[in-house]
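Survey of secondary and tertiary structure
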Amino acid sequence: MNGRDLDRMNSVDDMIESPEQHSVRKLVQALPEESLSLAWRSSLNEKLLETAAAKKRRNRLNWILRPALGLGLASVLAVIVLFHPSQAPKSSTPDRGIESAIVSDHRASVLLGEVSSAGLNVNEVASEANPQEPDDGLWTDSDVQGL
Amino acid sequence: MLAAGQHGRPGRGRFEGIPPLLLRAIRAQPSLRYKGAYTTEFRQGPASIRHQEYITREGDRYRIDFPNDSQFAGQVIIENSRERLHYHPITNEIVQQPPRHGEVWERIANLANNRKFVLTTVPGELIAGMRTEELVVSDRAGNLVQRLYIEPISGLIMKRQLFDFVGTQIGYFEFTEVALNPKIEPDTFVIKRRDARVITPRIQLERLCRRRGFHVVFLPPSSGYKLEGASPRNFAGTDGLVQSYLNGNERLWVYDLKGPINANRLRQNAGRDLHVHSFELNGETIVLMAKIDEQTLARFATLMESGTPARQR
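All of these numbers come straight from a predicted model, not from anything done at the bench.

All names here are of chain B. Even without being a glycine, N92 presents a positive backbone phi close to 55°. In the Ramachandran plot, N282 falls in the positive-phi region, its phi being about 55° despite a non-glycine side chain. Tracing the backbone through its elements, the reader meets N282 in the loop between strand 16 (275-281) and strand 17 (284-290).

Following this line, the structure appears as structure tokens:
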């Protein structure tokens, strides 16, 4: 320690021992000593316990609800993907006129059936129901004429 | 038909309010006896198909023959109250079908009882040398539906014309000659052909399916309906077969199609009176169509599915 340091310490001691410092010290010493009340500590503990219990309950509920919510969302997504209710098979078959052709054919058959009655009807006249392939075993008028 | 084949036994009571001329024709049915020749014409698509037939009739028994120059020459059709036999000389087969009796006169009577239609009687033409009275059937707006030319004493319908929605004739028959109350030999209504094979419309259907590459699907007789015949068709570019069935006077149609249809669209096109049920079988679309309720048609569809051989399904 050199002389300069010794001078500085002396000046600090002088400042501590100054009358201003003494009056502040007395003022602080005069303040009443406060001790923490037991009732306050107890209520604080209770509040802490309550908060902890509520947090535990919330955590437990979240543990159940979160997977359920996730599962629910996944199910809804699956239903939408699989069944796609907006895509009803309304226009699955393009209108090529086949339905109206069937109904027209039906109406014509009914009407033309009335023309024929006991005779050949339009289907028998125009279709393969009237076979054209000969049976070899059948004799014809020319066979009879040759007898 | 009440002329070219005036079938059936008309009942009583349900003909109230119909014109006396038509009533006479209906009541004459059981006792009509005649021989004659008539021309028939159908319009199918853009073409008209015309041919001539000879008819012999005694009450509910009929015989139909064809002129020698006809494409149907040699064929003979015999019909009575139980069956209809159609002899084909080319194949030497007799096709056994259900009778069509009663069907036509009943529909004419229904027209008379239907408030949608108006029936009027006017003097008719001279047809096959006979005087006729004309029964005109029109709708309430005056659109022509049918014209019937009736010989008033016998009640024989000498000519009948049918028209489409825009008044175009789509079919007709007309007697060219007729003899009332002739002598008719008893064997006229019998087909005697010992070596001929008797086949059913079902066998004809199976042949047609084989030729056209369709699975054999049919309505079994347990439904009460008997197959009358089948013919190929093309519906807007889709190959199909049409089967017609008879149950007394009730008809049912089965459409077998090599392509899908829109069932709702078909139902809309069919309208309120005609019911439709469709399903898929062996990759083909089957449509049942009749004036019977859709539940019954659905039941018939189940019968058809269960009646289809397992190898086809």
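There's more to say after this.
Where nonpolar side chains cluster on the molecular surface, the patch consists of V24, V28 and L31 of chain A and spans about 290 Å² of accessible area. Mapped onto the elements of the fold, V28 of chain A is located in helix 2 (residues 19-30).

Residue and element names in this part refer to chain B. Taken in spatial order, the 12 strands of this open sheet run 7-8-9-10-11-1-2-3-4-5-6-12, and their pairing is mixed. Every other strand in the sheet has two partners, leaving strand 7 (117-127) and strand 12 (197-199) as the edge strands with one partner each. Taken over all neighbouring pairs, the strand axes of this sheet differ in orientation by 20° on average, direction set aside. In the sheet, strand 6 (residues 93-97) pairs with strand 12 via 3 bridges, with the strands oriented parallel. Across the sheet, residue V95 finds its bridge partner in strand 12, namely I199.

The next thing to look at is the layout of surface pockets. Each pocket or cavity is described by its volume, and for the largest pocket that value is around 1,900 Å³. What lines the largest pocket is a set of 46 residues, among which R107, V110 and L111 of chain A together with F165 and K291 of chain B lie closest to the centre. Those elements giving two or more residues to the lining of the largest pocket turn out to be helix 4 (98-116) of chain A together with strand 1 (33-44), helix 2 (103-113), strand 9 (144-150), strand 10 (157-163) and strand 15 (250-257) of chain B. Split by residue class, the lining of the largest pocket holds 17 nonpolar, 12 polar and 17 charged.

A word on the packing of aromatic side chains. Residues and elements named next belong to chain B. For the structure shown, the criterion picks out 7 aromatic pairs over all chains. Residues Y225 and F300 carry aromatic rings whose centres are separated by 5.7 Å and whose planes lie at 70° to one another, so their mutual orientation is edge-to-face. In this pair, Y225 sits in the loop between helix 3 (201-212) and strand 13 (226-235) while F300 sits in helix 5 (residues 294-307), placing the two residues 75 residues apart along the sequence. In this pair, the class of Y225 matches that of F300, namely buried. Grouping aromatic residues by their ring pairs yields a cluster made of Y34, Y38, F173 and F175. Here K159 stacks its cationic end above the ring of Y149, 5.0 Å away from the centre of that ring. The ring of F214 is capped by K258, whose NZ or CZ atom sits 4.6 Å from the centre of that ring.

Residues and elements named next belong to chain B. Taken as a whole and assessed by the stated rule, the structure comprises 19 salt bridges over all chains. In this structure, R251 and E228 form a salt bridge, with 2.8 Å as the shortest nitrogen-oxygen distance. Of this pair, R251 sits in strand 15 while E228 sits in strand 13, and the two are 23 residues apart along the sequence. Taking the relative accessible area as the measure of exposure, E228 reaches 3% and is therefore buried. Via salt bridges that share partners, E93, R197 and R207 belong to a single interconnected network.

Okay, the side chain of R233 of chain B next. For R233 of chain B, the position within the fold is in strand 13. Only 2.8 Å separates the side chain of R233 of chain B from the side chain of S231 of chain B, close enough to count as a polar contact. Ignoring anything within four residues of it in the chain, the contact list for R233 of chain B reads D105, S109 and N123 of chain A together with T238, D239, G240 and V242 of chain B.

Let's shift gears to the confidence of the model for chain B. Residue and element names in this part refer to chain B. For chain B, per-residue confidence averages 88 on the pLDDT scale, and 91% of positions sit at 70 or higher. The element-level mean pLDDT for chain B is lowest in helix 2, coming to 73, with strand 17 highest at 96. Low pLDDT, under 50, characterises residues 1-12; the stretch is placed with 71 contacts to residues that sit more than four places away or in other chains.

The next point concerns a positive patch on the surface. On the surface, a cluster of positive charge is contributed by K55, K56, R57, R58 and R60 of chain A. Residue classification places K56 of chain A among the exposed residues on the basis of a relative accessible area of 59%.

Interfaces are frequently sized by the accessible area removed from exposure as the parts join. Between chain B and chain A, the contact holds 66 residues from the first and 43 residues from the second. Both sides together, the interface formed by chain B and chain A hides about 4,800 Å², and carbon and sulfur atoms give 57% of it. Of all residues in chain B, F42, I90 and R265 of chain B give up the largest surface area on contact with chain A, accounting jointly for 14% of the area buried on that side. Viewed at the interface, chain A and chain B are joined by 2 salt bridges. Put simply, R265 of chain B and E99 of chain A hold a salt bridge, and the shortest N to O gap is 3.3 Å. Looking at the side of chain B that touches chain A, the element that brings in the most residues is strand 1 of chain B, giving 6 residues. Residue classes in the side of chain B that touches chain A are distributed as 34 nonpolar, 18 polar and 14 charged.

Each value, and the rule that gives it
Residues numbered from 1 in each chain as written. Chains lettered and ligands numbered in written order. Predicted model: local features only at pLDDT ≥ 70, side-chain atom pairs only at ≥ 80, totals over all residues. Heavy atoms only, no water. Helix = DSSP H or I, 4+ residues; strand = E, 2+ residues; numbered from the N terminus. Patch = residues over 30% accessible without salt bridge, like charges linked within 9 Å, V, L, I, M, F, W, Y side chains within 5 Å. Areas by Shrake-Rupley, 256 points an atom, 1.4 Å probe, with all protein chains shown as cover. Salt bridge = Lys/Arg side-chain N within 4 Å of Asp/Glu carboxyl O. Pairing = 2+ DSSP bridges. Axes fitted to C-alpha atoms, helices over the stretch in contact; angles between N-to-C directions. 1 Å grid on protein atoms, 1.4 Å probe; cavity = no way out; pocket = protein on both sides within 12 Å on 5 of 7 lines; lining within 4 Å. Points joined across faces, edges and corners; volume = space filled by probe spheres on them. Nonpolar A, V, L, I, M, F, W, Y, C, P; charged D, E, K, R; others polar. Phe/Tyr/Trp six-rings, centres within 6.5 Å; stacked < 30°, edge-to-face > 60°. Buried < 20%, exposed > 50% of the residue type's maximum accessible area, 1.4 Å probe, protein only. Lys NZ or Arg CZ within 6 Å of the ring centre and 35° of its normal. Polar contact = N/O pair within 3.5 Å; in protein donor to acceptor, adjacent residues only side chain to side chain. Contact = heavy atoms within 4.5 Å. pLDDT = per-residue confidence, 0-100. Lys, Arg positive; Asp, Glu negative; His and termini not counted. Charge placed at Lys NZ, Arg CZ, Asp CG, Glu CD. Buried area = accessible area lost by both parts, 1.4 Å probe.

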